[in-house]
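Fold and geometry: a report
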Amino acid sequence: MGVLGIGGIFFRARDPKALAAWYKEHLNVGAGCVATPGVTPEPFSWQVEGGPLVFQPFKADTDYWSTDKQFMLNLRVHDLDGLIAALIALSIEVITKPEWNDPHVGRFARLHDPEGNVVELWEPATAA
């Protein structure tokens, strides 16, 4: 007996419908989205691709993300550069810093959703 994985991510929003639509449109995240071509979408769930998932509590006073937010969403991606270019083309500000990247862990970028939540994009390092 044990946990098989994350079953959902739930958080408060001022306008849940608009925020859900933003994630679906810009990041292909949320109900009805699929990460792998050919997979049948389901109306109430997001069909994700298997892979690493980091579960890590941080100290309450961490400065890794804004102190006025209780969480930071980290999304595992393929082709970080392509996604960054697509987001910038939609006038979404994306932040990158070389010090966030680690050749053993991967590359990172950040953006904020319309409600100011931090969304970190993570392209894991490829196995050597």
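Here, the structure is the one placed above.
Presented here is an overview of the structure given in this document. (Residues numbered from 1 in each chain as written. Predicted model: local features only at pLDDT ≥ 70, side-chain atom pairs only at ≥ 80, totals over all residues. Heavy atoms only, no water.)

Comments concerning the layout of surface pockets
Sizing a probe to match a water molecule and rolling it over the atoms shows the empty space that remains. Where we set the bar: In the cavity and pocket records, a cavity denotes points on a 1 Å grid over the protein atoms alone where a 1.4 Å probe fits but cannot get out, a pocket denotes an open set with protein on both sides within 12 Å along at least 5 of 7 lines, and lining residues are residues with an atom within 4 Å of a point. Grid points are joined across faces, edges and corners, and a volume is the space filled by probe spheres set on the points. Polar here means any residue other than Ala, Val, Leu, Ile, Met, Phe, Trp, Tyr, Cys and Pro, which are nonpolar, and Asp, Glu, Lys and Arg, which are charged; Gly is therefore polar.
The space that makes up the second largest pocket amounts to roughly 160 Å³. Residues belonging to the lining of the second largest pocket are distributed by class as follows: three nonpolar, four polar and two charged.

Topic: the packing of aromatic side chains
The line we're drawing: A pair of Phe, Tyr and Trp rings is counted when the ring centres sit within 6.5 Å of each other, with Trp represented by its six-membered ring. The angle between the planes then sorts it: under 30 degrees is stacked, over 60 is edge-to-face, the rest tilted. In this text, helices come from DSSP runs of H or I with a minimum length of four residues, and strands from runs of E with a minimum of two, each type numbered from the N-terminal end.
Overall, the coordinates contain six aromatic pairs when judged by the stated rule. Ring plane angle 45° and centroid distance 5.1 Å describe the contact between Phe11 and Phe71, whose orientation is recorded as tilted. Within this pair, whereas Phe11 is found in the segment before helix H1 (16–27), its partner Phe71 is found in the loop between H1 and strand S1 (73–76), the two being separated by 60 residues in sequence. Between Phe58 and Trp65 the ring centres are 5.0 Å apart and the planes differ by 75°, which places this aromatic pair in the edge-to-face class.

Points about the pairing of strand S2 (residues 106–112)
Using the following cut-off: Here's how the labels work: a residue is buried when its accessible area is under 20% of the maximum for its type, exposed when over 50%, partly exposed in between, all with a 1.4 Å probe on protein chains only. Note on pairing: DSSP must find at least two bridges between two strands before they are called paired.
The element S2 is largely enclosed, with a buried count of five among its seven residues. Examined bridge by bridge, S2 and strand S3 (residues 118–124) share seven bridges and lie antiparallel to one another. Across the sheet, the residue bridging to His112 is Val118, located in S3. Hairpin connection of S2 to S3: five residues between the antiparallel strands, including Gly116 at a positive phi of 85°.

Examining the nonpolar core
Cut-off, in case you're wondering: Residue types Ala, Val, Leu, Ile, Met, Phe, Trp, Tyr and Cys, when buried and joined through side-chain atoms within 4.5 Å, form a set referred to as a nonpolar core. In what follows, a contact means two residues having at least one pair of non-hydrogen atoms within 4.5 Å.
Of all hydrophobic cores here, the largest spans 17 residues; its most connected members are Tyr23, Leu27, Leu75, Leu87, Leu111, Val119 and Leu121. Those elements that provide at least two residues to this core are H1, S1, helix H2 (80–89), S2 and S3. When residues of this core are assigned to their parent elements, the largest contribution, four residues, is made by H1. If sequence neighbours within four positions are ignored, Tyr23 has contacts with Phe11, Asn28, Val29, Leu73, Asp113 and Val119.

Comments concerning H1
The condition that has to hold: The length a helix should cover is 1.5 Å for every residue beyond the first. In this description, one arc is meant: the one made by directions from the helix axis to the C-beta atoms.
Helix length check: H1, at twelve residues, gives a terminal C-alpha distance of 16 Å against a target of 16 Å (1.5 Å per residue), a fit within 8%. For H1, the full list of buried residues reads Leu19, Trp22, Tyr23, His26 and Leu27. Buried positions in H1, seen along its axis, are confined to an arc of 95° and lie on one side of it. Residues of H1 that are exposed and point more than 90 degrees away from the buried face comprise Lys17 and Glu25. Tucked into the core, H1 has its buried residues touching S1, H2, S2 and S3. Note on H1: the residue one or two positions beyond its end, Asn28, has a positive phi of about 55°.

Describing the pattern of salt bridges
Our working definition: Between Lys or Arg on one side and Asp or Glu on the other, a salt bridge is scored when a side-chain nitrogen of the former is within 4 Å of a carboxyl oxygen of the latter.
Within this structure, the stated rule accounts for three salt bridges. The salt bridge involving Arg107 is made with Asp81; its shortest N-O contact spans 2.5 Å. Note that Arg107 is positioned in strand S2 and Asp81 in helix H2, a separation of 26 residues in sequence. We classify Asp81 as partly exposed; its relative accessible area is 47%. A salt bridge links Glu120 to Arg110, with the nearest nitrogen and oxygen atoms 3.3 Å apart. Linking Glu120 in strand S3 with Arg110 in strand S2, this pair joins segments that are ten residues apart in sequence. Summarising the burial analysis for this pair, Glu120 and Arg110 share the class buried. Among the charged side chains, a network of salt bridges with common partners joins Asp81, Arg107 and Glu123.

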